[in-house]
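Spelled out, the chains give:
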Amino acid sequence: MAQPPPEQAAGAARPPVRDPESPRRVTLQELFFDLVYVVALALISRGLVTEVSWQRAGQSLILLMAIWWTWAITTLVTDMYDPQRREIKLLIAAVMFGALLMTTAIPQAFADRGLVFAGTYVAIHLGRGLFLMPAVRGHPQSQRRAVRVFVWFAVSAVPWIVGAHVGGHAREALWALALAIDYGGFRLAYPIPGLGAVPEGQRNVTAEHLSERYQQFFIIALGDAILVAGTMFSLQHSEAENLAAFTVAFVSTLLLWRIYVHKSGELLPQAIQSSRTPNKFLRTAPYTHLMMVAGVVTTAAGFDLVLHEPSGRTPPAWAAIILGGPALFLVGRCCFEYEVFSRVSLSRPGGLLALLTIAPAVLFLPPLFAAAGAMAVLAGVAVADHLRSRGRPPEDPSPPH
C-alpha cells in the first residue's frame, strides 16, 4: 500500500493553527456559513414588531446577542485556525447546523422552544471547546486558550439551561446573566484559576481577514432591511403611499451603508495594521459592530411598521422603533469611528440630537413622516461626512494607543 508523502503526513499531524504565511482571505465556506444569519436577523426584526413593547424589545436584544456571539466567536476561530484544514471545515459546518437550529427556535424562544434555543447555543460553544482541545494538543498555547474559553462557557451554560426551564421575566433575567458572563469573559480574556487570562501576545488578529468578516456581517444586516422593503410592500394603501414608504426604506438603507463605509468602514484593515496594539480592536469590535447591527435590525423593524401602515398617527412605541434604530446605529458608529480615528465627528452626536429633537413631533404625524424624518437625519449625517472630506487628501487611520 502506498504511503503518503512525508510532508502530507506531517501536515495531517500538525495542529490546525494558522500558518503565519498562509493566505488570510475569507473562504467560500465562511460566506456560506453566513447565510444562516440572513434568516436569523430577519426573524428577530419580524418578531420585534409582532408585539411592540419594551419587553419584546428586551427579548429581541437577548436573541440578537446570542445569535451574534455564535457568529463572532466562530469568526475568531477561523482567524486563529486554518479554515482550509478538514477539522476546521467540519467544525464550521457543525456550528452552521447549530446556528440554523437556533434560528428555527427564535419565534418561540421565550415560549415553548426555549430549551431548543438555549441548549443549542450551549452545545455550539461547549462542543467547539471539546473539539478544539484535543485537536490542538500539539500546540500548548492554543490548547490552554481553548481550555480557558471552554470553562467560561461551561459556567454560562448553567443560567442558559436553567432559564430554559422557567418562564416569564425569570428566563429573561437568567439569559441576560448568561450573556453577561459570555461577553464579560471575552472582554477579560477568559481568566481562570491556575492559568490566568489569555496572554496579551496570544490575542493577535489578522487585519485582512477579521475586518473583511465584520464588513460582510454588516452587509448581511443591511440585507435584512432590503428583505423587509422587498417582501413587506403593502397593496392595501394608495399607490402614492406605497411608493413613498418603499422609497424611504430603500434610501434609508442606502444611507446606513454610506455612513458605515465612509472612511471608517473603508479603512478598517489599515487601522488594524497601523495600530501599535492590533489586538485592542479584537477587544472592542464585537461590541461596536453588535450595536450597529442592532440599529440596522431595529430600523428594518421600523420599515415593517411603516410599509404596513404608513398613515394615521404614530404610537409612541412605533416612534421608539422608527427613530431608535437609526439612533442606535449612530451610537455604534461613534464608537466605530473612535476605534479607527481616535475621534468622533460632530455629525454623529448631531444626528442623535436631531433624532431626539423630532421625536415629540412625530407622535402627531403618520409613521411615514416619522420614517422620512429619520431618513432626513441620516441624509444630513451623510452630507456632513461628504463635506468634511471633500477636497482634502485621504485621511490616514490613527487608532487609539
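Values in this document were obtained by computation on a predicted structure and should not be read as measured data.

1. Quick notes on the pattern of salt bridges
Right, on to step 1. Per the counting criterion, the structure on display carries eight salt bridges.
Right, on to step 2. We note a salt bridge from Glu30 to Arg213, for which the minimum N-O separation is 3.5 Å. Here Glu30 is found in helix α2 (residues 28-50), whereas its partner Arg213 is found in helix α8 (residues 207-231), with 183 residues between them in sequence.
Right, on to step 3. Judged by its relative accessible area of 1%, Arg213 is buried.
Right, on to step 4. Put simply, Arg85 and Glu87 hold a salt bridge, and the shortest N to O gap is 2.9 Å.

2. Regarding the packing of α2 against helix α3 (residues 54-80)
Right, on to step 1. Remark: α2 packs on α3, axes separated minimally by 9 Å, with the N-to-C direction vectors making an angle of 170°. With respect to each other, α2 and α3 are oriented roughly antiparallel. Contact residues: Glu30, Phe33, Asp34, Tyr37, Ala40, Leu41, Ile44, Gly47, Leu48 and Thr50 in α2; Arg56, Ala57, Ser60, Leu63, Leu64, Ile67, Thr70, Trp71, Thr74 and Thr78 in α3.
Right, on to step 2. Within the contact of α2 with α3, the residues separate by chemical class into 11 nonpolar, six polar and three charged.

3. Comments concerning unusual backbone geometry
Right, on to step 1. Unusually for a residue other than glycine, Tyr190 sits at a positive phi of about 55°.
Right, on to step 2. Mapped onto the fold, Tyr190 is located in the loop between α7 (168-187) and α8.
Right, on to step 3. Taking the relative accessible area as the measure of exposure, Tyr190 reaches 7% and is therefore buried.
Right, on to step 4. Of note, the phi angle at Ser342 is positive, near 60°, even though the residue is not glycine.
Right, on to step 5. The residue Ser342 is located in the loop between α12 (316-341) and α13 (347-362) in this model.

4. Considering a nonpolar patch on the surface
Right, on to step 1. Residues Ile219, Ile226, Phe246, Phe250, Leu254 and Trp257 make up a contiguous nonpolar surface patch of roughly 540 Å² in combined accessible area.
Right, on to step 2. Of all the secondary-structure elements, those providing two or more residues to the nonpolar patch are α8 and α9 (239-265).
Right, on to step 3. Inspection of the secondary structure assignment puts Leu254 in helix α9.
Right, on to step 4. Note on Leu254: relative accessible area 45%, which makes it partly exposed.

Conventions adopted
Residues numbered from 1 in each chain as written. Predicted model: local features only at pLDDT ≥ 70, side-chain atom pairs only at ≥ 80, totals over all residues. Heavy atoms only, no water. Salt bridge = Lys/Arg side-chain N within 4 Å of Asp/Glu carboxyl O. Helix = DSSP H or I, 4+ residues; strand = E, 2+ residues; numbered from the N terminus. Buried < 20%, exposed > 50% of the residue type's maximum accessible area, 1.4 Å probe, protein only. Axes fitted to C-alpha atoms, helices over the stretch in contact; angles between N-to-C directions. Parallel < 35°, antiparallel > 145°, perpendicular 65-115°, else oblique. Contact = heavy atoms within 4.5 Å. Nonpolar A, V, L, I, M, F, W, Y, C, P; charged D, E, K, R; others polar. Patch = residues over 30% accessible without salt bridge, like charges linked within 9 Å, V, L, I, M, F, W, Y side chains within 5 Å. Areas by Shrake-Rupley, 256 points an atom, 1.4 Å probe, with all protein chains shown as cover.

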